[in-house]
Amino acid sequence: MAQPRVRAAGGLPAIRYVLGKAWGTGEFTQTLQRLRSKNTCKTCALGMGGQNGGMVNEAGHFPEVCKKSVQAQTADMQPAIPESFFAANDLTALRRLSSREAENLGRLAFPIVLDGDRFRRIGWEAALDLAAGALRDTSPDRTFWYASGRSGNESAFLMQLAARAYGSPNVHNCSFYCHNASSVALTEIYGSGTASVTLDDLGTSDLVLVAGANPASNHPRLVTQLINLRRRGGTVIVVNPMSELGLRRFRLPSDARSLAVGSQVSDFYLQPRIGGDIALFTALLKMVAWDEAFVADHTHGAEALRAHLATLDVDELLAAAGIARADAERAAAAISAANTGIFMWSMGLTHHTHGTDNIRALGNLALARGFFGRPGAGLMPIRGHSNVQGVGSMGVAPEVKQAFAEELERRYGVTVQPGGQDTFASMQAAHDGRIDAAVLVGGNLWGSNPDSEWAAQALQRIGTTVSLTTKLNPGHFHGNGRTALILPVLARDEEAQATTQESMFNFVRLSEGGQPFVAGELRAETDVLATLADRVLGRERFDWTTLADHARLRQGIAAVVPGYQSIARIETDGEFTVQGRTFREPSFGHANFHVVQVPQAVPGFQLMTIRSEGQFNTVVYDEEDLYRGNTTRDVAMLNVDDAVEAGIREGDLIEVRSEIGAMQVRAAIVDIARGSVAMYYPEANVLVTPRLDPDSRTPAFKSVPVTVRRAGH
Ligand code: SF4
């Protein structure tokens, strides 16, 4: 069985790693200064930093040390990629680079353009002329505009404004490949697509249920909250097909007691088979004590749900989930005993063809217990990139709220056209040859897609891709348009103007900016977008160049984005929580139950693609996955009984085959539910069939039917 080198996650290895990374920049003091600067953490959406300074959470706690933030910071502190590199490496060579190798190339410090079989340096004026020409020479409906969650609110707002003024309805962001199922379900349940709780609520809750998430690897400081909750006498329940070291035992670097002996993270660890979540949540719904007063006073749809539940048998549900009755009973008893509870989840729930139903089913359980509309209770999607939620709030989505659209029209004379493409629809359009230009602000769209070969074909059929980025990644080499421009931009802690970001707790932080680490031709994203809009649209409507001013953009955001009024005064009045999204009293009217059908169990192996401890989203910082004991990423993680049945032993070369592809990798025997296989994202995207959840149009990255056998047999 794969054995981790550590007995608990975090701890001294994490501290050594952080110090080593900081030392490795050659600018140890400056690295620490940058980590402590008044800028929002660049990595996950838990949210640290801002005006409290780095390594501080919104409750003011310091130090919140985290490998993830150090990885992102030190990656930005690499030297510039020399011009000679591009002359020496053609596209074929660049396509051979792994994510880690591309990340380690350094900072992009001047614009480049694909010229024949290799990139070459190009001046900003010529680059912007090329980009503007591509947009002018086609019709807006043959373009799309995509943003990752790296950008600040200001550039995200400007991007959607420019796209819509230009006339393209095809505006979207990376959440269509991660948490859109959460947004869809939560909007149906209580009218807002984001978490209903603040960080403070985690400090008072009796119980937390973590489903389909591995915060120890992806949101490390969230584990601090879980450990603190248990120290207060609270209960933590984990639902995850795979046993994750960091969700069992973690050493908090900022806590002497925990650092010395480690801290238990969870009380109950339920391991359903992949795709068994609805069966499990529905069984628990039948087993827990309902808060009948809350249900009667604050919910709709309970009678229809009760009628549905009456047709279902708990034992059959648990058998479908792959959970022993005794384990479910203990979890149900804990949920029933808690006065308050927070249910949180990540892509383990959303990345299925029934992703939205997964959240609806979990929402039913929360409402039945009355875990909503009071302190310490609610629902909480664990969001990925640091400003992915803010980018959505800024309207980088094909559909926006009516109030948003009306004010955008009134203030800017810009119409939000209906019928815009979401991310997958744009990829399909590109594959069909119906996209002539794409503006890609951050991220790695190629690497975020299912079916890597199909995704490369789609993006390579686009006439012109215009990418704004701080560093290069494989998406730039596999997802290039026929004309491919890559424009270097400043990270948020390098900007001359302040920017803002929104955490998964709906808390808006102010980043003060700073100085770029490398000398070069880096520009602010807003500067690039405003200049591009100016060249494409002219000044008939208004002077786009004035919209490179962030304070002015924030005035617009305050007027247009519901709940964001306070952003107009954030520099004087301070950071704030977006209004109307968190519910500490029953101000939501009635929340809605849903009748959720239990999906049929799929025979055979189901593959889920997962992240490692040494990566964030598509970016791989380290090949080793310290917490799972894998020293390389070309592995498939299997259940021991499944392996024995298939005649597979640890380290064997095996073939994992899906409908669209096959990979030969090494077998790693881990503690995972039977019938489940785990492989690393984004490499395993070559196996992911593009099947979507019909309600959120999120690809099913975590329920891919596969066969597994020893290679050569
Ligand atoms: S938990 Fe997330 S926000 Fe906090 S320091 Fe780590 S990466 Fe940054």
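Residues numbered from 1 in each chain as written. Predicted model: local features only at pLDDT ≥ 70, side-chain atom pairs only at ≥ 80, totals over all residues.

A. Spotlight on the environment of glycine 373. Among the secondary structure elements, glycine 373 is positioned in the loop between helix H20 (355–368) and strand S13 (378–381). The sequence separation of glycine 373 and alanine 591 amounts to 218 residues, and the corresponding C-alpha distance is 9.5 Å. Once residues within four sequence positions are removed from consideration, glycine 373 is found in contact with His298, Phe583, Glu585, Pro586 and Phe588. (Helix = DSSP H or I, 4+ residues; strand = E, 2+ residues; numbered from the N terminus. Contact = placed C-beta atoms within 7 Å.)

B. Focus on unusual backbone geometry. Cis geometry is adopted by the peptide bond preceding proline 682, which originates at tyrosine 681 and carries an omega value of 5 degrees. Inspection of the secondary structure puts proline 682 in the loop between strand S27 (676–680) and strand S28 (704–710). The backbone of asparagine 506 sits at a positive phi, close to 65 degrees, despite the residue not being glycine. Along the chain, the position of asparagine 506 falls in the loop between strand S17 (499–502) and strand S18 (507–511). For arginine 697, which is not glycine, the phi torsion reads 60 degrees and is therefore positive. Structurally, arginine 697 is set in the loop between S27 and S28. Judged by local crowding, arginine 697 falls into the partly exposed class, with 18 C-beta atoms found within 10 Å. (Buried ≥ 20, exposed ≤ 12 C-beta atoms within 10 Å, placed from the backbone.)

C. Summary view of the pairing of strand S14 (residues 437–441). The element S14 is largely enclosed, with a buried count of five among its five residues. Side-chain alternation along S14 places Ala437, Val439 and Val441 on one buried face and Ala438 and Leu440 on a second face that is also buried. Examined bridge by bridge, strand S4 (residues 143–147) and S14 share five bridges and lie parallel to one another. The partner of tyrosine 146 across the bridge, within S14, is leucine 440. When S14 meets strand S15 (residues 464–469), the two strands line up parallel, connected through five bridges. Across the sheet, residue leucine 440 finds its bridge partner in S15, namely serine 467. Chirality of the crossover, the property in question, places the unit of S14, helix H24 (residues 452–460) and S15 among those that are right-handed. (Pairing = 2+ DSSP bridges. Right-handed = clockwise from strand over helix to strand, strands pointing away.)

D. Summary view of the site of the ligand. What surrounds the ligand is a group of 13 residues, the closest being Cys41, Thr43, Cys44, Cys66 and Arg221. Taken together, the elements giving at least two residues each to the shell around the ligand come down to helix H3 (67–76) and helix H12 (220–231). When grouped by side-chain class, the residues that make up the shell around the ligand number six nonpolar, four polar and three charged. (Near = placed C-beta within 6 Å. Nonpolar A, V, L, I, M, F, W, Y, C, P; charged D, E, K, R; others polar.)

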